[in-house]
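Coordinate analysis (summary)
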Amino acid sequence: MSRTAKEIETTGLPCEAQNGETIQVVPKIDVTMFGKFTLKQEGMEVPHAVSLTGRSRRLWTLTAYLILNRNRGVSAQELIDLLWPEAENDNPLSTLQNNVSRARAALAELGFTHAKVIIRNEKGYYRWAPDRETQLDVEQFETLAKAALAEEDMEKSVALAQEAVALYTGDFLTESAAEFWCINLNTYYRSLYTRLCRAAVDRLLKLGRITDAEKLCTGVIRLDPAAEEFSVFLMQALIKNKNPKKALEHYDYIASLYREVYGVSPSAELEAQKALAVQELYGSETSEDDIHTFLLEKEQETGAFCCDNNVFREIVNLQVREMRRNDTPAALMIGGLQTAR
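Here we summarise the structure given alongside this text.

Scoring rules and cut-offs
Residues numbered from 1 in each chain as written. Predicted model: local features only at pLDDT ≥ 70, side-chain atom pairs only at ≥ 80, totals over all residues. Heavy atoms only, no water. Helix = DSSP H or I, 4+ residues; strand = E, 2+ residues; numbered from the N terminus. Contact = heavy atoms within 4.5 Å. Areas by Shrake-Rupley, 256 points an atom, 1.4 Å probe, with all protein chains shown as cover. Phe/Tyr/Trp six-rings, centres within 6.5 Å; stacked < 30°, edge-to-face > 60°. Buried < 20%, exposed > 50% of the residue type's maximum accessible area, 1.4 Å probe, protein only. Salt bridge = Lys/Arg side-chain N within 4 Å of Asp/Glu carboxyl O. Pairing = 2+ DSSP bridges. Patch = residues over 30% accessible without salt bridge, like charges linked within 9 Å, V, L, I, M, F, W, Y side chains within 5 Å. Axes fitted to C-alpha atoms, helices over the stretch in contact; angles between N-to-C directions. Parallel < 35°, antiparallel > 145°, perpendicular 65-115°, else oblique. Left-handed = near helix turned anticlockwise from the far one by under 90°. Nonpolar A, V, L, I, M, F, W, Y, C, P; charged D, E, K, R; others polar.

1. Digging into the overall build of the protein
Along its length, the protein carries 13 helices and 11 strands. Put simply, of all contacts in the protein between residues at least 6 apart along the chain, 58% involve residues at least 24 apart. Carbon and sulfur atoms form 50% of the exposed surface of the protein, whose accessible area is close to 20700 Å².

Okay, structure coming up:
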């Protein structure tokens, strides 16, 4: 990219002379916004993680917003509305300029070269590093995810999906997820991630790559235990991989989590996978010890017995049949009301 002496003097960016022309030489910047917000300049050994909370919240929020919108100029008023949406300030423009200066100084302290011109003011509009290449993980993820979903070849689609999933290390800017400017983006990327993983697991199972399907499901559940469909997929994969015991262990874990944290019972689909796992584990050549283990818990818990609606209905029907055989009278109690039967 050729530049004039005036432009070089203005930006302060390093340049080299070649064949009478000036050529811009600037290090690339890598940014992550999934999970932690990090910045890394080409040549740095490790990325710098910065916090979007605490005393430096506004200057790093300013930086993140400019990076996301780096292909356009952002007006001072837009940034003022972003950083001080409700506060009344006698001189908001001066306060904004102070935060821009602080952001430049903070970038310089992290070791970014020519930090004074990373955030530029061009004709009243602020821009992030217009003379540098900035690579952003959320944009890479979106490109790969859309390509994977559009790819008809299953092997190629899965390869693209795995590359995209590796970038999704957490939700979009988790520290600012509740901020008005992040909510829609957070929802969008989470939805795209879920759709991508759902399609990838389906294709992995069809390709017979069961272990890869297990790994992908486990990653989704680690990020979002409430994504029950992936628990169903995981149990399917474990059963296909001749590991019904592990499938039942996962069922016990997720069922307990749902009851204790969300106050709900597992879905019919998850119960169906449990039934298949039980059948696979105990359905043939079952020893007396296996039957005993299956029917009786090693340690009986005290207190009320908690189960889903289907199990409760079967228990009631079993008890009713027993009472009919013995001609035993019974009464049904519901919410303090007694109904004779």
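Once you've had a look at it, read on.
2. Concerning the packing of aromatic side chains
Throughout the structure, instances matching the rule amount to 10 aromatic pairs. Relative to Tyr168, the ring of Phe141 has its centre 5.5 Å away and its plane inclined at 55°; by these criteria the two rings are tilted. Taken together, the residues Phe141 in helix α5 (residues 137-150) and Tyr168 in the loop between α6 (154-167) and α7 (180-207) connect sequence positions 27 residues apart. You can call Phe141 buried: its relative accessible area is 0%. Site record: aromatic cluster; members linked through ring pairs are Phe34, Phe141, Tyr168, Phe172, Tyr188, Tyr189 and Tyr193.

3. Section: the pattern of salt bridges
Within this structure, the stated rule accounts for 13 salt bridges. One salt bridge in this structure joins Glu229 and Arg198, with 2.8 Å as the shortest N-O distance. Taken together, the positions of Glu229 in helix α9 (residues 228-240) and Arg198 in helix α7 put the pair 31 residues apart, joining distant regions of the chain. Look at Glu229 and you get partly exposed, because its relative accessible area is 31%. Among the charged side chains, a network of salt bridges with common partners joins Arg120, Glu122 and Asp131.

4. Notes on the pairing of strand β4 (residues 37-41)
Along a regular strand, successive side chains alternate from one face of the sheet to the other. Among the 5 residues that make up β4, 4 are buried, leaving the element largely enclosed by the rest of the structure. As paired elements, strand β3 (residues 29-32) and β4 share 4 bridges and run antiparallel to each other. By the bridge assignment for β4, Asp30 is matched with Lys40. Taking the residues that link successive antiparallel strands as the turn, the β3-β4 hairpin has 4 residues, and the phi of Gly35 there is positive, at about 80°. Bridging between β4 and strand β5 (residues 48-50) involves 3 bridges; their strand directions are antiparallel. Along β5, the bridge assignment pairs Thr38 with Ala49. If you look at the hairpin formed by β4 and β5, you'll find 6 residues sitting between the two strands, and Gly43 has a positive phi there, around 105°.

5. Description of a nonpolar patch on the surface
Together, Val261, Tyr262 and Val264 make up a nonpolar patch on the protein surface, roughly 270 Å² of accessible area in all. Assignment of secondary structure puts Val264 in the loop between α10 (244-262) and α11 (268-282).

6. Details of the sheet that holds β5
Read from one edge of the open sheet, 4 strands run β5-β4-β3-β9, paired in mixed fashion. Sheet topology places β5 and β9 (134-136) at the edges, where each strand pairs with a single neighbour. Across this sheet, the average inter-strand angle for adjacent strands is 20°, counted without regard to direction. Contacting β3, β4, β5 and β9, helix α2 (residues 57-68) runs over the sheet at an angle of about 70° to β4.

7. Topic: the sheet that holds strand β6 (residues 74-75)
Spatial ordering of the open sheet is given by β6-β8-β7, a layout of 3 strands whose pairing is antiparallel. Both outer strands of the open sheet, β6 and β7 (119-122), are each paired with one neighbouring strand and no more. Two strands pair when backbone bridges link them, and β7 and strand β8 (residues 125-128) are joined in this way by 4 bridges, in the antiparallel orientation. Of the residues in β8, the one forming a bridge with Ile119 is Trp128. Helix-sheet contacts for helix α4 (residues 92-109) involve β7 and β8, and the interaxial angle to β7 is about 145°.

8. Here we look at the packing of α9 against α11
Put simply, α9 and α11 touch, their axes get as near as 9 Å, and they point 15° apart. The orientation of α9 relative to α11 falls into the category roughly parallel. The element α9 and its partner α11 pack so that their crossing is left-handed. For the pair formed by α9 and α11, the contact residues are Glu228, Ser231, Val232, Met235, Gln236 and Ile239 on the first element and Glu269, Leu270, Gln273, Lys274, Leu276 and Ala277 on the second. Of the residues contributing to the contact of α9 with α11, the split by class is 6 nonpolar, 3 polar and 3 charged.

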